[in-house]
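Structural overview
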Amino acid sequence: MHRIRARKIIELSKVILEKYGGDLSRIKDLPPLDEAKKVLLELPGVGEKTADVILVNLGKSTFPVDTHITRISMRLGIAKSRNYREIQRAWMNILTPDPGRYLEVHLKLIQFGRDVCTARNPRCSVCGFKEVCNYYINNVKDKA
């Protein structure tokens, strides 16, 4: 996996150097979010999540969704499927529309998914969401 990623990073770096002179700062100034995202998605190896991570860090109003956020969203019933856009919309509807808030919650959810709501052996006993969590209700509550 690391060799594939290394190749993709080298390929991406070459395109950024050739096409943009090594400077992607113009993306920050593209007015509509869709236009900035379109430019990023044209880069090799850049998918929706990577594009959204870049954009939210540039202060754009978008909410990146990774595997941790998907897992948490499904367990809490915030989303009914693993569809990236459905989960993204759900969080953006829940949160105050503010890029800084989106970034903060995105990062906190990732940490929560790493520390508490893990894929295997989640730490439900210390989770503040367990009473509304589908995973806890269906797999842990009555067995504890």
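Residues numbered from 1 in each chain as written. Predicted model: local features only at pLDDT ≥ 70, side-chain atom pairs only at ≥ 80, totals over all residues. Heavy atoms only, no water.

Considerations on the side chain of glutamine 88
Within the element layout of this structure, glutamine 88 appears in helix H6 (residues 84–94). For glutamine 88, a relative accessible area of 9% translates into the label buried. Polar side-chain contacts of glutamine 88 include one of 3.0 Å to the side chain of threonine 62. Not counting the four nearest positions on each side in its chain, glutamine 88 is found in contact with Lys37, Asp52, Thr62, Phe63 and Val65. (Helix = DSSP H or I, 4+ residues; strand = E, 2+ residues; numbered from the N terminus. Buried < 20%, exposed > 50% of the residue type's maximum accessible area, 1.4 Å probe, protein only. Polar contact = N/O pair within 3.5 Å; in protein donor to acceptor, adjacent residues only side chain to side chain. Contact = heavy atoms within 4.5 Å.)

A closer look at the pattern of salt bridges
The full count for this structure, using the stated rule, is 5 salt bridges. We note a salt bridge from aspartate 52 to lysine 37, for which the minimum N-O separation is 3.1 Å. Here the residue aspartate 52 occupies a position in helix H4 (residues 48–57), and lysine 37 occupies one in helix H3 (residues 33–41), the gap between them amounting to 15 residues. Salt bridges sharing partners connect three or more residues here, namely Lys37, Glu48, Asp52 and Arg85. (Salt bridge = Lys/Arg side-chain N within 4 Å of Asp/Glu carboxyl O.)

A few points about the packing of H4 against helix H7 (residues 99–115)
Packing of H4 against H7 brings their axes to within 9 Å, and their N-to-C directions diverge by 125 degrees. Relative to H7, H4 is oriented oblique. Pair H4 / H7 crosses with left-handed handedness. The residues of H7 that touch H4, namely those facing Val53, Val56 and Asn57, are Pro99, Tyr102, Leu103 and His106. Tallied by class, the residues present in the contact of H4 with H7 amount to 5 nonpolar, 2 polar and no charged. (Axes fitted to C-alpha atoms, helices over the stretch in contact; angles between N-to-C directions. Parallel < 35°, antiparallel > 145°, perpendicular 65-115°, else oblique. Left-handed = near helix turned anticlockwise from the far one by under 90°. Nonpolar A, V, L, I, M, F, W, Y, C, P; charged D, E, K, R; others polar.)

Section: empty space enclosed by the protein
Tallied over the entire structure, the rule returns 1 cavity of 30 Å³ or more. Of the volumes computed, that of the largest cavity is approximately 100 Å³. Taken together, 15 residues form the lining of the largest cavity, with Phe112, Cys117, Cys124, Cys127 and Cys133 sitting closest to its centre. If you list the elements that add at least two residues to the lining of the largest cavity, you get helix H5 (67–76) and helix H8 (134–139). Tallying contributions element by element places H5 first for the lining of the largest cavity, with 3 residues. (1 Å grid on protein atoms, 1.4 Å probe; cavity = no way out; pocket = protein on both sides within 12 Å on 5 of 7 lines; lining within 4 Å. Points joined across faces, edges and corners; volume = space filled by probe spheres on them.)

Side note on the confidence of the model for the chain
Of all residues in the chain, 99% have pLDDT values of 70 or greater, and the mean over the chain is 93. The spread of mean pLDDT over the elements of the chain runs between helix H2 (residues 26–29), the lowest at 83, and H5, the highest at 98. (pLDDT = per-residue confidence, 0-100.)

What about the environment of glutamate 48?
With respect to the helices, strands and loops of the structure, glutamate 48 is situated in helix H4. Between the alpha carbons of glutamate 48 and threonine 62 there is a distance of 11 Å; along the sequence they are 14 residues apart. Setting aside residues no more than four positions away along its own chain, glutamate 48 makes contact with Lys37, Leu41, Tyr84 and Arg85. Separated by 3.3 Å, the side chains of glutamate 48 and arginine 85 make a polar contact.

Notes on the packing of aromatic side chains
Under the criterion given, the structure shown has 3 aromatic pairs. Measuring from ring centre to ring centre gives 6.0 Å for phenylalanine 63 and tryptophan 91, while their planes differ by 20 degrees; the resulting arrangement is stacked. Placement of phenylalanine 63 in the loop between H4 and H5 and of tryptophan 91 in helix H6 is noted, with a sequence separation of 28 residues between them. Tryptophan 91 shares its class with phenylalanine 63; the two are buried. Seen in terms of ring centroids, phenylalanine 63 and tyrosine 102 are 6.2 Å apart; in terms of plane orientation they differ by 85 degrees. Their pairing is edge-to-face. (Phe/Tyr/Trp six-rings, centres within 6.5 Å; stacked < 30°, edge-to-face > 60°.)

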